[in-house]
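Coordinate inspection notes
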Amino acid sequence: MTLDEVKFAALELLGISQEGVAMSANDSTRMGRSYDKVFKELKETGLATWVEAGPVPDHLADHVESLMAMEAANAYYVSDNRYARILSRAKDARRELRRLTVPDYESLDEPKDY
């Protein structure tokens, strides 16, 4: 997904944008800052497997959107119920990003026969 698509989807999670309505320049800037923070955090933990300015891989996009919405929730003053849903999605997103980006451990040693 392109960065604009990811930004727009995060705004939808926040209840700010609707399908078919263009994202305002202010919202785009605010969500750009949110994306930068999320990307930096994911990169530091080894979970960002794409380049910052490039498209977000489709299988990771939903999770990145959730983290961006969580990052921007205070700036948009979302309701308590919406905040609880976003918080829950963000927790799941971190777990799923870890699962999807960290390779499974495989021992290279031959099994020992005792």
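These remarks concern the structure in this document.

Here is what the cut-offs are and how they apply
Residues numbered from 1 in each chain as written. Predicted model: local features only at pLDDT ≥ 70, side-chain atom pairs only at ≥ 80, totals over all residues. Heavy atoms only, no water. Helix = DSSP H or I, 4+ residues; strand = E, 2+ residues; numbered from the N terminus. Rg over C-alpha atoms; globule rule 2.2 N^0.38 Å. Buried < 20%, exposed > 50% of the residue type's maximum accessible area, 1.4 Å probe, protein only. Contact = heavy atoms within 4.5 Å. Areas by Shrake-Rupley, 256 points an atom, 1.4 Å probe, with all protein chains shown as cover. Lys, Arg positive; Asp, Glu negative; His and termini not counted. Charge placed at Lys NZ, Arg CZ, Asp CG, Glu CD. Core = buried A, V, L, I, M, F, W, Y, C linked by side-chain atoms within 4.5 Å. Salt bridge = Lys/Arg side-chain N within 4 Å of Asp/Glu carboxyl O.

**Considering the overall build of the protein**
- Along the protein, the regular secondary structure elements total four helices and zero strands.
- Element order for the protein, N to C, with α for helix and β for strand: α-α-α-α.
- Against the globule reference of 13 Å for 114 residues, the protein gives a C-alpha radius of gyration of 17 Å, more extended than a compact globule.
- By the burial criterion, 37% of the 114 residues in the protein qualify as buried.
- Relative to all contacts within the protein whose residues are 6 or more apart in sequence, the contacts with residues 24 or more apart total 63%.
- By element, 49% of the accessible surface of the protein is carried by carbon and sulfur atoms, the whole surface being about 7,600 Å².
- Taken as two groups, the 15 positive and 21 negative side-chain charges of the protein have centres that lie 7 Å from each other.

**Structural notes on the nonpolar core**
- Counting 29 residues, the largest nonpolar core has Leu 14, Met 31, Leu 42, Trp 50, Val 64 and Met 68 as the members making the most contacts within it.
- Those elements that provide at least two residues to this core are helix 1 (3–14), helix 2 (25–44), helix 3 (58–76) and helix 4 (80–101).
- Broken down by element, the residue count for this core peaks at 10 residues, all from helix 3.
- Beyond its immediate sequence surroundings of up to four residues, Met 31 is in contact with Lys 7, Ala 10, Leu 11, Leu 14, Met 68, Ala 72 and Tyr 76.

**Description of the pattern of salt bridges**
- Under the defined criterion, the tally for this structure stands at five salt bridges.
- Across the pair Lys 37 and Glu 71 runs a salt bridge whose closest N-O atoms are separated by 3.5 Å. Here Lys 37, found in helix 2, pairs with Glu 71, found in helix 3; they are 34 residues apart in sequence, far enough to count as distant.
- Taking the relative accessible area as the measure of exposure, Glu 71 reaches 35% and is therefore partly exposed.
- Between Arg 94 and Glu 41 there is a salt bridge whose closest N-O contact spans 2.4 Å. Placement of Arg 94 in helix 4 and of Glu 41 in helix 2 is noted, with a sequence separation of 53 residues between them.
- Judged by relative accessible area, which is 33%, Arg 94 ranks as partly exposed.
- The exposure class of Glu 41 is partly exposed, given its relative accessible area of 35%.

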